[in-house]
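One letter stands for each residue in the lines below.
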Amino acid sequence: MERREFFSSFTRPFRREERRTPIYPPYFHSREDFERCLDCSDKSCEKVCEEGIIEIVDGIPILNFSRSGCTFCDECARACELAVLKVEEKRFLPAMVIDPIECLAWHGTICSSCRDACLDRAIEFVGLFRPEIKGNCTGCGFCVGVCPTGAISVGRVE
Ligand code: SF4
Ligand code: SF4
Ligand code: SF4
C-alpha cells in the first residue's frame, strides 16, 4: 500500500458495524506507528486475541466490537514482534456513547442488553427508559455487539 493510501485508510468509512471511527488495540504510542504493520507478515496480534476482535483491515489491526469486547489481556501487545503494540503503552479505549434516536429503550421498549453486558457497571438507566454511559466506561466494547439496534458507538477519540 502506498503511504498516502495508508493514511487515508484512517478516515475511510467502515462497514455498518464499524462505520464509526476505527479503534486500534489499546497499546500504541501514536497512530503513525501502525504504518509499520504493513511490514508485518505474521499478524500475531490477530492470532492471539482471545476474544477474536482484532481484524486486519488493509494490513492494520482494527478492533471489531460486533464480535466481542476487549479484556485488556495484554496478549496482542506481547505478541507484537515489531513493537507497534507495547504493554507499557496500555491505555483505556475511547468511551462509548448511546444514540437515543436508535436506542430501543429511549423509544419506550424494555431493553437492557447493554447494561447486562457491562462488567464495569458503566451503563445507568435514568428511570426505565433512558440508558446513559457514565464516566467509568473503559471503552471495552462488550456493550456494542449486544445492542439489537447498533445504538452504541465510540464517542470522542483523542
Ligand atoms: S488486549 Fe486482549 S482482548 Fe484486547 S485486543 Fe488485545 S488480545 Fe484482544
Ligand atoms: S442495548 Fe441498545 S437498544 Fe437496548 S437499551 Fe442498550 S442502547 Fe438501547
Ligand atoms: S459501557 Fe461498559 S461494556 Fe460498554 S464500553 Fe463502556 S465499560 Fe465496556
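Data block above holds the structure.
In short, a report on the structure. Remember, predicted model here, so these are calculated numbers, not experimental data.

The next thing to look at is the site of ligand 1. Surveying the vicinity of ligand 1 reveals the residues Tyr27, Cys49, Ile54, Leu63, Cys70, Thr71, Phe72, Cys73, Asp74 and Cys76. Judged by the proximity of its atoms to the pocket grid, ligand 1 belongs to the largest cavity. Per-class residue counts for the shell around ligand 1 are eight nonpolar, one polar and one charged.

Once that is clear, we can look at the packing of aromatic side chains. Two aromatic rings, taken as a pair, are described by how far apart their centres are and by the angle between their planes. Under the criterion given, the structure shown has four aromatic pairs. With 5.9 Å between their ring centres and 85° between their planes, Tyr24 and Phe28 make a pair best called edge-to-face. Among the aromatic residues, those joined into a cluster by ring pairs are Tyr24, Phe28 and Phe34. Lying over the aromatic face of Phe28, Arg91 brings its terminal NZ or CZ to 4.1 Å of the ring centre. When the ring centre of Phe125 is taken as reference, the NZ or CZ atom of Arg115 above it lies at 4.5 Å.

Okay, the pairing of strand 2 (residues 60-63) next. Side-chain alternation along strand 2 places Ile60 and Ile62 on one buried face and Pro61 and Leu63 on a second face that is also buried. The hairpin turn running from strand 1 (residues 54-57) into strand 2, its antiparallel successor, is two residues long, and Asp58 in that turn takes a positive phi close to 55°.

Looking at ligand 3, the residues that line it are Met96, Cys118, Asp120, Ala122, Ile123, Cys137, Thr138, Gly139, Cys140, Gly141 and Cys143. Among the residues making up the shell around ligand 3, the classes are represented as seven nonpolar, three polar and one charged.

Looking now at the environment of His29. Its location among the elements puts His29 in the loop between helix 1 (3-8) and helix 2 (44-48). The class of His29 is exposed, set by a relative accessible area of 53%. Through-space distance from the C-alpha of His29 to that of Glu89 is 6.1 Å; in sequence the pair is 60 residues apart. Each residue touching His29, except ones within four places of it in the same chain, is listed here: Glu89 and Arg91. A polar atom in the side chain of His29 sits 3.4 Å from the side chain of Glu89.

So, how was this worked out
Residues numbered from 1 in each chain as written. Chains lettered and ligands numbered in written order. Predicted model: local features only at pLDDT ≥ 70, side-chain atom pairs only at ≥ 80, totals over all residues. Heavy atoms only, no water. Near = heavy atom within 4 Å. 1 Å grid on protein atoms, 1.4 Å probe; cavity = no way out; pocket = protein on both sides within 12 Å on 5 of 7 lines; lining within 4 Å. Sits in = over half its atoms within 2 Å of the grid points. Nonpolar A, V, L, I, M, F, W, Y, C, P; charged D, E, K, R; others polar. Phe/Tyr/Trp six-rings, centres within 6.5 Å; stacked < 30°, edge-to-face > 60°. Lys NZ or Arg CZ within 6 Å of the ring centre and 35° of its normal. Buried < 20%, exposed > 50% of the residue type's maximum accessible area, 1.4 Å probe, protein only. Helix = DSSP H or I, 4+ residues; strand = E, 2+ residues; numbered from the N terminus. Pairing = 2+ DSSP bridges. Contact = heavy atoms within 4.5 Å. Polar contact = N/O pair within 3.5 Å; in protein donor to acceptor, adjacent residues only side chain to side chain.

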